[in-house]
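# Structural characterization, general
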Amino acid sequence: MSHTPTPWRTSYLTFGAPHVGVEEREELLACLDSGWLGTGPRVARLEAEFGRYVGRTAVAVNSCTAALHLALRALDLQPGDEVVTSAMTFCATANAILHAGAVPVFADCERDTLNLDPADVARKLTPRTRVLLPVHFAGRPCAMGPLGEIARAHELAVVEDCAHAIEATLDGRHCGTFGDFGCFSFYVTKNMTTVEGGMVTCARDDAAARIKTLALHGMSADAWHRYGDDGFRHYDVVEPGFKYNLTDLAAAIGLHQLARLERNWLRRKALWDYYLSELRDLPLVLPAPVPPDVRHAFHLFTCLVDDTRTSVSRDQVLAGLHALKIGIGVHYRAVHLHSYYRRTLGARTGRLPNAEWASERTFSLPLSPAVTDADAADVVRALRLLLA
């Protein structure tokens, strides 16, 4: 690109803008009027409804990062224990492992799906490995069959990072139900939002009870029980916990986001299919086809610039789209390339070739239900201008 394109949009197309309706507004006002803004009945209702949707006991927390941290803490990892995860993820995945006192070990991703590569996972195992932490990238389920076989053969726990994968299923089974714990995100850009928030799904009820305790200071009873209609209850601190609880004010939004989840999934699928159709002749590597046994959550439409067919770099595309008032994301710069992990874990370039290849080429297009047909057409028009 020799010049900056002239924008034709009058407003900026925000990447990942949420779709919020009148139901959320009314529920928020009702919550304010109730006087109960902290953890209370709406959180309990969201936990129950999300648990029914996924098919497991669910505990609400204030972020997916908190969910990951709590899940790993509940496994009682010891210093030096290793957790194998994908290099193609957000830094929160690695940070949660470190905060749990363990050591993240990064495995490569598959080049076509950008999901954790089971063959490289097997190569990364050591006698210190205790947990596998697969990340369902962009909403596409990981290969949980082979990963599960590895976990069983080596007696490893499994914690699923389902931040992108609320609606995703494999053979009809929801992501977040294959491992010991599933960790979901309700961040503002996610398929359902509470602005900030998350959920932990648990294979065992005793594990769910411990997660709930850890999420609120390690107290034996949460605030709703202490100050509910039954009157004040004394509590006991049974272990040092965290301040990770979700509020009713946040759950007021999430309840109606969850109710519209399937309708919004259909809208994102329509946008997904439109992008696949309209961009197929451009020098881009588009998302791999979705197999019949997989339900993709369609959280991220991730393209990679095909540098065998164009001299335009990914960063030039990013700059050009921004100039045209179109917001994009980068998912991700591989975690092991960041300075902290290089400095403290000895991570080096050249060891995870697929993740590094993707890191240099990837970008994600607007895919929210708030994206209109005209918005999507502008995205396609912009990419044609920049890459044709």
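Located above this text is the structure these notes cover.
Quick summary incoming for the structure in this document. Sequence positions are assigned chain by chain, starting from 1 and proceeding in written order. In view of the model being predicted, local features appear only for residues whose pLDDT reaches at least 70, and side-chain atom pairs are presented and counted only at 80 or more, with totals across whole chains, interfaces and linings using the full set of residues. Remark: hydrogens and water are excluded; side-chain values derive from all non-hydrogen atoms of the structure.

What follows deals with the packing of helix H1 (residues 22–34) against helix H9 (residues 248–259). Helix axes are fitted to C-alpha atoms over the stretch in contact, other axes to C-alpha atoms as well, and angles between N-to-C directions run from 0 to 180 degrees. Numbering of helices and strands runs from the N terminus; a helix is a DSSP stretch of H or I covering at least four residues, while a strand is a stretch of E covering at least two. For the pair H1 and H9, the least separation of the axes is 8 Å and the interaxial angle reads 150 degrees. Between H1 and H9, the crossing angle belongs to the class labelled roughly antiparallel. For H1 against H9, the interelement crossing comes out right-handed. Contacts between H1 and H9 involve Glu23, Glu24, Glu27, Leu28, Cys31 and Leu32 from the former and Asp248, Leu249, Ala252, Ile253, His256 and Gln257 from the latter. Working rule for angles: under 35 degrees goes down as roughly parallel, over 145 as roughly antiparallel, 65 to 115 as roughly perpendicular, anything else as oblique. Helix crossings get a hand from a simple test, with the near helix turned counterclockwise from the far one by less than a right angle marking a left-handed crossing and a clockwise turn marking a right-handed one. Residues are treated as being in contact if the distance between any of their heavy atoms lies within 4.5 Å.

Attention now goes to the packing of aromatic side chains. In this scheme Phe, Tyr and Trp rings, the latter by its six-membered ring, pair at centre separations within 6.5 Å, and the angle between planes marks the pair as stacked below 30 degrees, edge-to-face above 60, and tilted otherwise. Enumeration over the complete set of coordinates arrives at twelve aromatic pairs. With centroids separated by 5.1 Å and ring planes inclined at 10 degrees, the aromatic side chains of Phe242 and Tyr244 adopt a geometry described as stacked. This pair shows no difference in class: Phe242 is buried, exactly as Tyr244 is. With a centroid separation of 5.0 Å and 75 degrees between ring planes, the pair formed by Trp272 and Phe301 is classed as edge-to-face. Residue Trp272 is located in helix H10 (residues 261–279), and its partner Phe301 is located in strand S12 (residues 301–305); the two are separated by 29 residues in the primary sequence. Across the pair, Phe301 and Trp272 agree in class, each one buried. One aromatic cluster in this structure is built from Trp265, Trp272, Tyr274, Tyr275, Phe298 and Phe301. Charge over a ring is defined by NZ of Lys or CZ of Arg lying within 6 Å of the ring centre and within 35 degrees of the ring normal. The residue whose ring lies beneath Arg173 is Phe178, and the NZ or CZ to ring-centre distance is 4.4 Å. Here the guanidinium or amino end of Arg295 rests over the ring plane of Trp265, the centre of that ring lying 4.0 Å away. Relative accessibility decides the category of a residue: with a 1.4 Å probe and only protein chains considered, values under 20% of the type maximum give buried, values over 50% give exposed, and everything between is partly exposed.

At least two DSSP bridges between two strands are needed for those strands to be called paired. Taken together, the seven strands give an open sheet; going across it, the order is S1-S9-S8-S5-S4-S2-S3, and neighbouring strands pair in mixed fashion. The open sheet has two free edges, formed respectively by strand S1 (57–61) and strand S3 (103–107), since each of these has just one partner strand. Each adjacent strand pair in this sheet contributes to an overall mean axis angle of 25 degrees, direction not counted. In this structure, strand S2 (residues 82–86) lies alongside S3, joined through five bridges in parallel fashion. The partner of Val83 across the bridge, within S3, is Pro104. Running over the sheet, helix H3 (residues 64–74) touches S1, S2, strand S4 (129–133), strand S5 (157–161), strand S8 (181–185) and strand S9 (198–202) and is turned about 165 degrees from S8. Taken strand by strand, helix H4 (residues 91–99) contacts S2, S3, S4 and S5, and its axis lies near 150 degrees from that of S3.

Between the first and last residue of a helix there are one fewer steps than residues, each counted as 1.5 Å, and that sum is the expected span. With 15 residues, helix H14 (residues 373–387) extends 21 Å from end C-alpha to end C-alpha; this agrees with the ideal 21 Å at 1.5 Å per step. Among the residues making up H14, those that are buried are Asp375, Ala376, Asp378, Val379, Val380, Ala382, Leu383, Leu386 and Leu387.

Let's shift gears to the pattern of salt bridges. A side-chain nitrogen of Lys or Arg and a carboxyl oxygen of Asp or Glu constitute a salt bridge if their distance falls within 4 Å. Per the counting criterion, the structure on display carries 23 salt bridges. The residue Asp273 makes a salt bridge to Lys269 at a minimum N-O spacing of 2.9 Å. With Asp273 and Lys269 both in helix H10 and four residues apart, the pair spans about one turn of that helix. Assessed through its relative accessible area of 35%, Asp273 is described here as partly exposed. Classification of Lys269 by relative accessible area gives partly exposed; the value is 30%. One salt-bridge network, in which partners are shared between bridges, spans Arg9, Asp375 and Asp378.

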